[in-house]
Structure formats: structure tokens, C-alpha cells
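Examining the three-dimensional arrangement
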Amino acid sequence: MAIVLLAVTFFIWARVPFFIIGNLAADLTSNFVIIYLCISLSGGFLISFYFVPFNLKLAKNIASIKDTSKAKSFIYLQTILIIGCSLIFAIVLILMNVLQL
């Protein structure tokens, strides 16, 4: 279900990192690395919101297997997902910039 929602709402969540966060970061600094970092992290953060219910179920299972807290497992999973989505978002940004799309 999350994949379907991501595909349907692509233009909504992709617009926020590009235009709002990008312009805010550009107003604060002129360093392109920091601007791309802010855009990719905010994109990864927004994409990871779609997978919160899945991560909660997975964190509950991992917490019972490893005998740790559910919150610690959830934060770990969500952090990994945010970083992974940010990397994918950054690769797409760089490819779009290189190919001039």
C-alpha cells in the first residue's frame, strides 16, 4: 500500500524538498554541497513517513527477537530508512543534474 501511495503522491512529496527546502537552504548558504545534502535528507525523511506502519510492526518483531525495547528498534530502522532513501534521492538529483533533465 505504501508503494502505491508513494507513486500516486509523487508530485506532492517531491515538490517540498526541491522548492521549499532547496530555496530555504540556498538563502542560508551558497555551498552547493550543503544545499544538495538538505534536499536529499528532507526527501529521505518525507519518503520514510510512508513506511512508518511497516517499521513499527518490524520493530516489534525485532524487539521481541533481540530482547530490546521497541522504541530503540524503531529508531534504528527509521534512521536506516531515512539514510537509504536520502542516498537514493541524492543519486537521482546528481543524475538529473548531470544529464540535464
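Here the structure is shown first, and the text comes after it.
Since the model is a prediction, treat every value here as computed from it, not as a measurement.

Along the protein chain, the regular secondary structure elements total 5 helices and 0 strands. When its helices and strands are written in sequence order, the protein chain yields α-α-α-α-α. A fraction of 59% describes how many contacts in the protein chain between residues 6 or more apart in sequence connect residues 24 or more apart. Working note: accessible area of the protein chain is about 7,300 Å², and carbon and sulfur atoms make up 77% of it.

Further remarks concern the packing of aromatic side chains. The tally for this structure, following the rule as stated, stands at 1 aromatic pair. Here the aromatic rings of Phe 45 and Phe 49 are separated by 4.7 Å at their centres, their planes lie at 70°, and the arrangement is edge-to-face. Assessed through its relative accessible area of 41%, Phe 45 is described here as partly exposed.

Each value, and the rule that gives it
- Residues numbered from 1 in each chain as written.
- Predicted model: local features only at pLDDT ≥ 70, side-chain atom pairs only at ≥ 80, totals over all residues.
- Heavy atoms only, no water.
- Helix = DSSP H or I, 4+ residues; strand = E, 2+ residues; numbered from the N terminus.
- Contact = heavy atoms within 4.5 Å.
- Areas by Shrake-Rupley, 256 points an atom, 1.4 Å probe, with all protein chains shown as cover.
- Phe/Tyr/Trp six-rings, centres within 6.5 Å; stacked < 30°, edge-to-face > 60°.
- Buried < 20%, exposed > 50% of the residue type's maximum accessible area, 1.4 Å probe, protein only.

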